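What follows is the residue order along each chain.
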Amino acid sequence: MTDAALPEPTLLARSLRVLSGNRTGALGFVLVALIVGSAILAPWIVPYDPAAIMVGPRMAPPSAEHWLGTDNIGRDIFSRVIAGGRIAMLVAAASLSAALTAGLALGLVAGLGPRWLDNLLLLILDALRSFPVIVFGLAVVTILGPSLFTVVLVVTITSVPIYARIVRTQTLALKNAEFILAERAMGVGMPRLLFIHVLPNVLGPLLILASMDVPLVIATEAGLSFLGMGVRPPTPSWGVILNDGYNFIRNSPWPVIGGSVPIILVTLGFTFMGEALRDIFDPKLRKGG
Amino acid sequence: MATHATATATEEPLVAVEGLSVDFDTPRGTIQALRDIDLTVPKGKVLGIVGESGCGKSTLAYSLIGLLAENARVAGGAIRMGEHDLARLGAAGWRDLRGTRVAMIFQDPMTALNPVTTIGQQMLDIQYRDRISRSEKRARAVEFLEQVQIPDAASKLDAYPHQLSGGMRQRVCIAMALLTQPDLLIADEPTTALDATLEMQIVALLRELQQKFGCSVVFVSHHLGTVAELCDDVAVMYAGEVVERGSARSLFHDPQHPYTQALLDCDPARIKIATRTLPTIPGTLPDLRQPPRGCAFRARCPHAWGRCEREHPPLYPGAAGQRVRCHLSDPAEDAA
Amino acid sequence: MSLLEVADLRIRYARQGRLRATLRREPHDFEAVSGVSFQIDAGQTLGLVGESGSGKSTIARTLIGLKKPTSGSIRFEGQEISAASNREWSRLRRQMSMMWQDPVGSLSPRLTVGSLVTEPLRIHGRKGDRAEAERLLGLVGLPAEFISRYPHQLSGGQARRVGVARALALDPKLLIADEPTAGLDMSVQGEVLNLLNDVQKRTRVAVLVITHNLNLVRHVTDRMAIMYLGRFVEEGPTARIFEHARHPYTEALLSANPEPDPDARGDRVTLAGEVPSPVNRPSGCDFHPRCPWARPDCSVRVPERYPEGGRSHRCLFPL
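Residues numbered from 1 in each chain as written. Chains lettered and ligands numbered in written order. Predicted model: local features only at pLDDT ≥ 70, side-chain atom pairs only at ≥ 80, totals over all residues.

Quick look at the overall build of chain C
The helix and strand inventory of chain C stands at 10 helices and 12 strands. The globule rule puts the C-alpha radius of gyration for 319 residues at 20 Å, and the 21 Å found for chain C is close to it. Each of the three principal axes of chain C carries a C-alpha extent, and together these read 65 × 55 × 40 Å. Long-range pairs, those at least 24 residues apart, make up 65% of the contacts in chain C with a sequence separation of at least 6. (Helix = DSSP H or I, 4+ residues; strand = E, 2+ residues; numbered from the N terminus. Rg over C-alpha atoms; globule rule 2.2 N^0.38 Å. Contact = placed C-beta atoms within 7 Å.)

Section: unusual backbone geometry
Residue and element names in this part refer to chain B. In the Ramachandran plot, Asp152 falls in the positive-phi region, its phi being about 55° despite a non-glycine side chain. You can see Asp152 is positioned in the loop between helix H5 (134-147) and helix H6 (153-156). Residue class for Asp152 comes out exposed when judged on the 8 C-beta atoms lying within 10 Å of it. (Buried ≥ 20, exposed ≤ 12 C-beta atoms within 10 Å, placed from the backbone.)

Let's talk about the UniProt feature "domain: ABC transporter" (unreviewed entry) in chain C
Per the UniProt record, the feature "domain: ABC transporter" (unreviewed entry) sits at residues 17-254 of chain C. A distance of 39 Å separates the end C-alpha atoms of residues 17-254 of chain C, which is 39% helix and 22% strand. (UniProt positions renumbered as here; feature names shortened; annotations may be inferred.)

Some thoughts on the UniProt feature "transmembrane region" (unreviewed entry) in chain A
All names here are of chain A. Within the UniProt annotation, "transmembrane region" (unreviewed entry) is assigned to residues 26-46, 87-113, 133-164, 193-212 and 256-277. Helix and strand shares over residues 26-46 are 95% and 0% respectively, and the end C-alpha atoms of the span are 27 Å apart. Along residues 133-164 the backbone is 91% helical and 0% strand, and the end-to-end C-alpha distance reaches 17 Å.

A word on the confidence of the model for chain C
On average, chain C scores 89 in pLDDT, and the residues at 70 or more come to 99%. The ipTM, which scores confidence in the relative placement of chains, is 0.86 for this predicted complex, and the corresponding pTM is 0.83. (pLDDT = per-residue confidence, 0-100.)

As for the nonpolar core
Formed by 183 residues in total, the largest nonpolar core has its most connected members in Leu64, Ile186, Val218 and Phe219 of chain B together with Ile176, Leu208 and Ile226 of chain C. Take this core: its biggest share by element is nine residues, from helix H7 (residues 166-179) of chain B. Looking at which domains feed residues into this core, each of domain 1 (15-101 + 185-197 + 213-329) and domain 2 (111-181) of chain B gives three or more. In contact with Phe219 of chain B, not counting residues within four places along its chain, are Val46, Leu47, Gly48, Ala187, Val227, Leu230 and Cys231 of chain B. (Core = buried A, V, L, I, M, F, W, Y, C linked by C-beta atoms within 7 Å. Domains from an automatic or database assignment.)

Quick word on the interface of chain C and chain B
Listed by partner, the interface residues are 31 residues for chain C and 37 residues for chain B. Residue contributions to the side of chain C that touches chain B peak at seven residues, all from helix H7 (residues 186-203) of chain C. Residue composition of the side of chain C that touches chain B, by class: 11 nonpolar, 10 polar and 10 charged. (Nonpolar A, V, L, I, M, F, W, Y, C, P; charged D, E, K, R; others polar.)

Notes on the UniProt feature "domain: ABC transmembrane type-1" (unreviewed entry) in chain A
The feature "domain: ABC transmembrane type-1" (unreviewed entry), as given by UniProt, occupies residues 85-274 of chain A in the numbering adopted here. Helix makes up 83% of residues 85-274 of chain A and strand makes up 0%, while its end C-alpha atoms are separated by 19 Å.

Observations regarding the packing of helix H9 (residues 238-246) of chain A against helix H10 (residues 254-281) of chain A
Residue and element names in this part refer to chain A. Interhelical geometry of H9 versus H10 gives an angle of 150° and a closest axis separation of 7 Å. As the angle between them shows, H9 and H10 are arranged roughly antiparallel. When the axes of H9 and H10 are compared, the crossing they make is left-handed. The residues of H10 that touch H9, namely those facing Trp238, Ile241, Leu242, Asp244, Gly245 and Tyr246, are Pro255, Val256, Gly258, Gly259, Ser260, Pro262 and Ile263. Grouping the constituent residues of the contact of H9 with H10 by class yields eight nonpolar, four polar and one charged. (Axes fitted to C-alpha atoms, helices over the stretch in contact; angles between N-to-C directions. Parallel < 35°, antiparallel > 145°, perpendicular 65-115°, else oblique. Left-handed = near helix turned anticlockwise from the far one by under 90°.)

Thoughts on the sheet that holds strand E9 (residues 233-238) of chain B
All names here are of chain B. Spatial strand order, E6-E7-E8-E3-E9-E10-E12-E11: eight strands in an open sheet with mixed pairing. Each edge of the open sheet is held by one strand with a lone partner, namely strand E6 (102-105) and strand E11 (316-317). Direction of pairing for E6 relative to strand E7 (residues 184-188): parallel, over a ladder of four bridges. What sits directly across from Val102, in E7, is Leu184. (Pairing = 2+ DSSP bridges.)

Quick word on the packing of helix H4 (residues 113-123) of chain C against helix H5 (residues 130-139) of chain C
The relative placement of two packed helices comes down to the angle between their axes together with the axis-to-axis distance. Residue and element names in this part refer to chain C. Put simply, H4 and H5 touch, their axes get as near as 9 Å, and they point 100° apart. Taken together, the axis directions place H4 and H5 in an arrangement best described as roughly perpendicular. Contacts between H4 and H5 involve Gly114, Val117, Thr118 and Leu121 from the first element and Arg130, Glu132, Ala133, Leu136 and Leu137 from the second. Of the residues that constitute the contact of H4 with H5, the class distribution is five nonpolar, two polar and two charged.

What to know about the pairing of strand E8 (residues 206-211) of chain C
All names here are of chain C. With six of six residues buried, E8 is to be regarded as a mostly interior element. Of the two faces of E8, the one lined by Ala206, Leu208 and Ile210 and the one lined by Val207, Val209 and Thr211 are each fully buried. In terms of strand pairing, strand E7 (residues 174-178) meets E8 through five bridges, oriented parallel. Each bridged residue has a counterpart across the sheet, and for Asp178 the counterpart in E8 is Ile210.

As for helix H1 (residues 57-64) of chain B
Residues and elements named next belong to chain B. Counting buried positions along H1 yields six of eight residues, so the element is predominantly enclosed. Taken as a whole, H1 has its buried residues at Lys57, Thr59, Leu60, Ala61, Ser63 and Leu64. In the segment just after H1, Gly66 is the residue with positive phi, at about 65°.

Points about the confidence of the model for chain A
Residues and elements named next belong to chain A. Scored by pLDDT, chain A has a mean of 83; 93% of the residues are at 70 or more. Of all helices and strands in chain A, the one with the weakest mean pLDDT is helix H1 (residues 11-20) (70), whereas helix H7 (residues 178-185) scores best (91). Every residue in residues 1-8 scores below 50 in pLDDT, and together they form 21 contacts with partners more than four places removed in sequence or on other chains. Low pLDDT, under 50, characterises residues 284-289; the stretch is placed with 11 contacts to residues that sit more than four places away or in other chains.

Quick notes on the sheet that holds strand E6 (residues 96-99) of chain C
All names here are of chain C. With respect to topology, eight strands assemble into an open sheet ordered E6-E7-E8-E3-E9-E10-E12-E11, the strand pairing being mixed. The sheet terminates laterally at E6 and strand E11 (306-308), the two strands that pair on one side only. When strand polarity is set aside, the average angle formed by the axes of neighbouring strands in this sheet is 20°.

Remarks on the environment of Leu139 of chain C
Residue and element names in this part refer to chain C. Mapped onto the elements, Leu139 comes out in helix H5. Here the alpha-carbon distance between Leu139 and Val164, two residues 25 residues apart in the chain, equals 9.1 Å. In this structure Leu139 touches Ala165 and Leu168, once residues within four positions along its chain are discounted.

Section: the pairing of strand E1 (residues 4-14) of chain C
Residue and element names in this part refer to chain C. With five bridges joining them, E1 and strand E4 (residues 71-76) adopt antiparallel strand pairing. In the strand pairing of E4, Ala7 is matched with Ser73. Judged from the nine bridges that link them, E1 and strand E2 (residues 29-40) form a sheet pairing that is antiparallel. Pairing of Tyr13 across the sheet is with Phe30, part of E2.

Examining the environment of Val234 of chain B
Residues and elements named next belong to chain B. If you trace the backbone, Val234 turns up in strand E9. With 60 residues separating them along the chain, Val234 and Gly294 place their C-alpha atoms 24 Å apart. Leave out the neighbours within four places in its chain, and Val234 touches Gly48, Val50, Val227, Arg245, Gly246, Ala248 and Leu251.

Dropping the structure here:
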């Protein structure tokens, strides 16, 4: 249809429209806002010091003083969950931004560089990707010792190949696009070609993917911490909370619920948000466009 | 049916489109893509549908085979083919008609063929209804590839689509469409993606096969030259309406609607004396979310006057037996 | 001295790696353009006509410096540019520009029309402000409000105008137009061609039009060359070629762009077969397997270029 010449609604208007027709998308945004907000404000909104023991009775069920009850040594589970969210978001933000940056750089070099370099990079990336994440993580932990930094490192290294591959594929497709040839024929310099013409067209899909990857990263962090290979107790990670509660699940289910429900909410939130972002940013996929 | 009085239409037509309207629901509003289309596809004839992008010619073609986009909706009218109303046919009804009575060829033969399956396999698959042996199906596939003049047809059965040239792929698509011996073949810009000399080959082939198989063809194109080569009847579309229809001869030799005249004037092939100032049609298509009340072409028409704004023109009978949606062709205007 | 002088230009493309080619005993490359010569003067328009695979777009990409020629000479204002350095190219690119085939696809999708039209200025170190953008849009008949639009919001004709504005931004001496009417409706094609003609009248820019559409060539070019498998099969003043084509391929192309007339059916020359691959050229005359007038000699003897008072052709038995 020839509605091509009609003015396009602004990004905000488009976002609102997509979200108004997409309940799960709106729910995703709300969940993400809550989780990210509580992570940022954690030090000020926790009712108790998350590491302090015996702030209440042991193994107490939820009450007005302790919204999610207390654990086996009397720590406030709600405070620990909020503080754990901060750790989870920190790991996600640090490792994903590192992975995105490295993935972009490697992908662009592979896509635009000479053939031999492309082949070499592909070989390395595929080799990296062939390790199972947890096994690779265990190996790194054995060498470096368990810590927050180790978790970030493991997640970064295992995510880079995925992003780099996507950037490479997109770049290769763009390389022969007529508008890139047109820019080259006008004598555009490499930096401008890269940052003005290639990058913005690669970034969109990448950010959407990264949003959908947040739960994966958090699950990896929780998994490693649960195994005792990640964040060290008493620092409250969701994996640590789960591990602590798991030993006493017969006495009280609340620590396990407190550790697992946020992981479920994060997964739903970021996945729904990622899908909504795709609808907002990629007009071609929108129905009836 | 009031508008059914073309001079030649004594025989029952294969397809009669009666007052068809199709809307598209988009985030920016409802687009009235087709409005009140009246057309007949005569048996054993080629009907050309011409117009520029956005005129609705492809929408019309797709509605004839029930492949409209998800956001499209038939807002009124009917498409009669025998006892069926194609405009109201359900999924099950279409499964029985498509590939038996109605078939289609598309603009891009590469996307119309399955890239990971051989030509032969695809040609066997579409004969799934026929209770004949595999080797008989194979023989028929070869026979039809020969019909579309593919050299060394038997060996092409094992080829994948990407191993053939664009022209060859379109021939394969035509062979597959004809394999089911349809009554109606819909061709949506089938030569647009091809080079000029191949375009003429395909047009000549379509003409020959149409006469051999006796099917009706609806040929959608923006290329006036190929339409004149191939079609018996022509309908000119503008902004979702048929503005003029009639025999190819009447349309190309004696166009009545100002849009048809302007379109023919713009074809550089008709301008025999070299010129550096080519004719154009100034202005743009009306917004089809709110089609103008009077004549849709009014804003771009050199002859428009007050009546064109007030009154939507019906299809008047034209001088050479065609039907024209223009008040200039109203017999009452002549009398006045 | 002409503005652009091309002599015996040859351009080869690699098909596969050398190692693989040797193992398969196949050639590793093929000649997409084999020995083409032409020149264009300021204010003149030359049409390069051919079907896909004829090598016409390869010539365009070589002239604009995106592909290196294998041999032959390209002189621009008397200076040899076939082996120009990057520095020289940055100067040359101010003087030649190109209109690409796909009106919308040749515009960077995340840039506004305003930055698209002024980009050539900024690349070459001149200021590209809003006033410049408005001036350039005015040049191609687009209102200033288009400055903030994005390519996907433009119709084909509007995008094409933006392309023309970009190509003219630096006042080039040579404009290469690759299928300037591709993807445009008939009623809009005239607008774009008239615009190009106006600009040429005003600025005396030399134009190279690359197209498969002979009807277009008739109205916008002074001279034309018809390409088949990387060679000019006929070349000369446009009017004289339309009057009397000497090469059968030209004749076939002329009748493949017919005047829409249902009564003229059947008097067309319809060519059999398809363009052969340049990897396996036919013996003798390139065109003989498809030529309706081919004689036994044609499969043996390679026709040379036969000059004929201001025009030339490559046919042993011209029409």
